[in-house]
Amino acid sequence: MTASILLAGAPPQPPSATVTGNSTLNGSADIAAQHESSSTAQPGAVTSSSPPHQYFFKDGLRRVAPYFYTYNTWCKERWRGREIIEVFESEFRERPVEYYRAAMESGQVAVNGKTVSPDYVMVNGDLVSHTTHRHEPPVTQDPVQVIHEDDDMVVINKPSGVPVHPAGRYHYNSVVEIMRAERGPTFAPRPCNRLDRLTSGIMFIAKTAKAAESLSVQIFRRSVRKEYLARVVGRFPDGEVVCDQPILQISPKLGLNRVRANGKSAKTVFKRLAYYPSPVTRSSANSSPSPEQSEAGALGDQFTREGEGYSIVRCLPVTGRTHQIRVHLQFLGHPVQNDPIYANQKVWGFDLGRDDAEATQNTDEDVLTRLSRMGKEQVADAVAYYDEMVDVYHKKKAERMSGKLCDVCETPLYTDPGSQELSLWLHSLRYEDADGSWSYVSPLPAWAMPPEGASGPTQVGGLDDLVEAAGEDLKIEIS
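Here goes a summary of the coordinates provided. (Residues numbered from 1 in each chain as written. Predicted model: local features only at pLDDT ≥ 70, side-chain atom pairs only at ≥ 80, totals over all residues. Heavy atoms only, no water.)

What follows deals with the pairing of strand β8 (residues 127-134). Across the eight residues of β8, seven count as buried, placing the element largely inside the fold. Here eight bridges tie strand β5 (residues 67-74) to β8, and the two strands are oriented antiparallel to one another. Across the sheet, residue tyrosine 67 finds its bridge partner in β8, namely arginine 134. Where strand β6 (residues 109-111) and β8 come together, three bridges link them in antiparallel fashion. Each bridged residue has a counterpart across the sheet, and for alanine 110 the counterpart in β8 is serine 129. (Buried < 20%, exposed > 50% of the residue type's maximum accessible area, 1.4 Å probe, protein only. Helix = DSSP H or I, 4+ residues; strand = E, 2+ residues; numbered from the N terminus. Pairing = 2+ DSSP bridges.)

Spatially, β3-β4-β9 is the arrangement adopted by the three strands of the open sheet, whose pairing is antiparallel. The strands lining the two open edges of the sheet, one partner per strand, are β3 (56-58) and β9 (139-140). As paired strands, strand β4 (residues 61-63) and β9 are joined by two bridges and run antiparallel to one another. Of the residues in β9, the one forming a bridge with arginine 62 is valine 139.

With that out of the way, let us pick up unusual backbone geometry. Peptide bonds are mostly trans, and most non-glycine residues show a negative phi. Within the chain, asparagine 112 stands out as a residue other than glycine whose phi angle is a positive 55°. Mapped onto the elements, asparagine 112 comes out in the loop between β6 and β7 (114-115). Classification of asparagine 112 by relative accessible area gives partly exposed; the value is 41%. Positive phi is not limited to glycine here, since histidine 323 has a value of about 60°. One can find histidine 323 in the loop between β19 (310-317) and α8 (324-331).

Right under this line is the structure:
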């Protein structure tokens, strides 16, 4: 579907979409007030190339007031000859059929710009429009930090929890739209590498299409090394650790992967940068825990095994499989500490998939069945592809349904996201060319710095040891 944005304070919209109320937003204070009250605004059709929404900031989060958004799509071949209500009921299941029926009667769903009845029979060439009142989830207020900039590109340190492109429930709260808002509507950022929403770190943003093509050719023709940093459960082994276990995607729909003997070849080199024992371990190494401590530890260990402390680990991926670093760390028994899926004992069992390449401890069916039990009402939209996977074992606050409805559209409202929706302790630390012609390194994220009262490294050295351990296989392309 293509889409257009309906912003507050714009010219009146066509009569095909019925919206009540009228207000003009003149600043972030007004936007904040609208966000708080979910009051309505008279929208108008404005394309996505128009100046983006103003942001406002509250409680450490970047926020966008609710706004109207129109999805447009041409009639697909399989829709021809079918009633429009049947098409929406079968193919757009995120809302009940009663909603779509009312939307068609009110004109929020229109065909060729005109209101049609639910029993309208679709024909080739129909343009279907659906205007909705969008509620974007807030993201961290951390800025998009510029590490390097020249005439062709910007190298940024992407904050965790912010998607790169508009997708799903996110539009303005995305890297490309934030950069466009900061640099003006004519700026057209073109990301040249990928990072998941929760992953932070180095990204290359080309300024023009020509620069993007040139940068891609330059990078793909060279041997590009990527280094990540992860905070993992427990004390990671000494020295360089090479994991060359194959990875299999066990659910294409969910994008879920695991180590399996019949998977695709994969190789990652790891090296511990630091280890920090848990406060309980440091303070009571020579004493028995109290009953209260034992109970608290047992509850915490169900998810993150916090009693083992944690390590900061350098990661050099030799291949580029989806979630390769997270899956390999899980297999080694040291998953990313706050990973809502791969460090979740409720999903993977007590051993978290360690040394289970044959899936004898937990079959694929077991894992997928456990995931299916976790519903949207418990924790929603925790991570892009695990909308319905994270359950009440999370000790920290998650983004949950608030039980309230929007005054404008009666959409169920969410509470603010918790820390696991805003951060994954996996960071893209370094990109460099093998011949030394260029290298970009970001600062260490806050979660990788020594905790209060402890000493430890605050920066990393070169890649020589990890590259040597990788051997001749190290021919990494940017991905």
